[in-house]
Amino acid sequence: MYDYVDGKLDWMAAGLPTEGTNAMLPRAGNTARKDAPTCGLKDRLGEVRERVRTQGWDSVVVVNEERVVLGLLRSAELDKDADLVVERAMRPGPSTFRPYVSLHEMAHFMVEHKLENTPITTSDGRLVGLLLTKDVLEAMDKAK
Amino acid sequence: MPAEIRRDEVRRLVDRGAQLVEVLPSPEYEEDHIPGAIHLPLRKIETRAVEVLDRKRAVIVYCWDTA
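Calculation notes
- As a convention, each chain's residues are numbered from 1 in the sequence order in which they are written.
- Chains and ligands are labelled by the order in which they are written, letters from A for the one and numbers from 1 for the other.
- It should be noted that, the model being predicted, local features are given only for residues of pLDDT at least 70 and side-chain atom pairs only at 80 or more, the latter also being counted only at that level, while totals for whole chains, interfaces and linings use all residues.
- Secondary structure follows DSSP: runs of H or I at least 4 residues long count as helices, runs of E at least 2 residues long count as strands, and numbering of each begins at the N terminus.
- In this scheme every C-beta is placed from the backbone, and a residue whose C-beta has 20 or more other C-beta atoms within 10 Å is buried, one with 12 or fewer is exposed, and one in between is partly exposed.
- By the convention adopted here, residues make contact when the C-beta atoms placed from their backbones lie within 7 Å.
- Each pair of strands is called paired provided DSSP finds at least two bridges between the two strands.
- Under the definition applied here, buried Ala, Val, Leu, Ile, Met, Phe, Trp, Tyr and Cys residues are grouped into a nonpolar core through C-beta atoms within 7 Å.
- To be clear, the arc concerns the directions from the helix axis to the C-beta atoms.
- Residues are sorted three ways: Asp, Glu, Lys and Arg are charged, Ala, Val, Leu, Ile, Met, Phe, Trp, Tyr, Cys and Pro are nonpolar, and all the rest, Gly among them, are polar.

Chemist: Talk me through the overall build of chain A; I want residue IDs and the actual numbers.
Modeler: Scanning chain A from terminus to terminus reveals seven helices and seven strands. Counting helices and strands in the order they occur from the N terminus, chain A gives β-α-α-β-α-β-β-α-α-β-α-β-β-α. C-alpha extents for chain A along the principal axes are approximately 55 × 40 × 25 Å. In chain A, which comprises 144 residues, the share counted as buried stands at 35%. Taking all contacts inside chain A whose residues are at least 6 apart in sequence as the whole, residues at least 24 apart take part in 61%.

Below is the structure:
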């Protein structure tokens with residue numbers, strides 16, 4: 001006999017699938033963009049800016065080698081001096097949410113705080129994806 | 001006393017045929033449970049474990065979190 005002490009919450013916080021009536025409901029983890037660009041602390045801002053804007057993005061998640069989220073570069077940060085290292089330009093320690101949080105809750109928070117996006121992470125801080133407010137609102141419209 | 005395990009070990013044991021058992025009440029199990037988990041609420045474990053579980057396979061119990 002074994003006891004999975006961290007329980008179902010740990011499982012869901014890791015972004016792992018579940019079964020049940022809530023399993024198919026739209027959640028932060030399903031809707032987050034897994035292809036959101038990332039960069040490292042020591043990268044040069046100008047290079048990051050050029051790379052991500054060429055790909056059509058205006059936000060970048062700063063991560064370490066294990067994809068643990070360290071910061072965020074949104075438009076205002078990306079527009080700073082090109083010679084800055086990312087660590088000096090980024091917003092450190094952004095608010096993050098777990099994959100199992102409902103889109104309804106995310107919409108409420110993101111609109112109230114006027115956020116364009118927010119990182120979705122596992123319980124140990126690893127990036128699952130970047131959740132865009134416009135994607136949240138679109139998904140909720142479709143669900144009506 | 002059951003051995004305490006973490007997520008990676010859960011996955012490894014399930015791959016080897018272990019039975020997952022959720023001990024939370026019905027509504028919580030029905031809303032979300034780990035794929036393949038059997039529902040055996042705590043208050044029914046003593047009476048129903050024998051009929052529901054396979055004695056030859058390992059059993060992993062879980063609830064919501066560490067609380």
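Picking up after the structure, the text goes on.
Chemist: Describe the sheet that holds strand 4 (residues 59-62) of chain B, and please don't skip the residues or the numbers.
Modeler: By definition, the strands of a sheet pair up through backbone hydrogen bonds, in either a parallel or an antiparallel sense. Spatially, the five strands line up as an open sheet ordered 1(B)-1(A)-4(B)-2(B)-3(B), and their pairing is parallel. Bordering the open sheet on either side are strand 1 (3-5) and strand 3 (38-39) of chain B, each of which pairs with just one other strand. Bridging between strand 1 (residues 2-4) of chain A and strand 4 of chain B involves two bridges; their strand directions are parallel. Across the sheet, residue Tyr-2 of chain A finds its bridge partner in strand 4 of chain B, namely Ile-60 of chain B.

Chemist: Quick one: what's the story with the sheet that holds strand 3 (residues 60-63) of chain A, residue by residue and with numbers?
Modeler: Residues and elements named next belong to chain A. An order of 2-3-4-5 is seen for the four strands of this open sheet, with the pairing classed as mixed. Across the chains shown, the open sheet's two edge strands, defined by having one partner strand only, are strand 2 (38-39) and strand 5 (91-92). Bridge count between strand 3 and strand 4 (residues 69-73): four bridges; the pairing is antiparallel. Residue pairing for strand 4: Val-61 is matched across the bridge by Leu-72.

Chemist: Help me get a handle on the nonpolar core, residues and values and all.
Modeler: Proteins that are soluble and globular tend to have nonpolar side chains buried together. Ala-28, Val-61, Val-62, Leu-73, Val-86, Met-106 and Leu-131 of chain A are the most contacted members of the largest nonpolar core, which totals 27 residues. Residue assignment for this core shows that the elements contributing at least two residues are helix 3 (45-54), strand 3, strand 4, helix 5 (86-89), helix 6 (103-112) and strand 7 (127-132) of chain A. Counting 16 residues, the second-largest nonpolar core is a separate cluster that includes Tyr-4 of chain A together with Val-23, Ile-34 and Tyr-62 of chain B.

Chemist: Before we move on, could you go through helix 6 of chain A and cite the residues and values that matter?
Modeler: All names here are of chain A. Burial in helix 6 covers these residues: Leu-103, Met-106 and Met-110. Down the axis of helix 6, the sector holding all buried residues measures 55 degrees, keeping them to one side. Exposed residues pointing more than 90 degrees away from the buried face of helix 6 are listed as His-108, Val-111 and Glu-112.

Chemist: Which residues make up the pairing of strand 7 of chain A, and what values go with them?
Modeler: Residue and element names in this part refer to chain A. Here strand 7 lies mainly inside the structure; five of its six residues are buried. Note: strand 6 (residues 117-121) against strand 7, five bridges, orientation antiparallel. Residue Asn-117 lies in a different strand from strand 7, and its bridge partner there is Leu-132. Turn length for the strand 6-strand 7 hairpin, with the two strands adjacent in sequence and antiparallel, is five residues, and the turn residue Gly-125 shows positive phi of about 85 degrees.

Chemist: Can you explain the interface of chain B and chain A? Please cite residues and give values.
Modeler: Counting residues at the interface gives 23 residues for chain B, matched by 20 residues for chain A. Contributions of two or more residues to the side of chain B that touches chain A are made by strand 1, helix 1 (7-15), helix 2 (26-31) and strand 4 of chain B. For the side of chain B that touches chain A, the leading source of residues is strand 4 of chain B, giving four residues. Its residues placed into classes, the side of chain B that touches chain A shows 14 nonpolar, two polar and seven charged.

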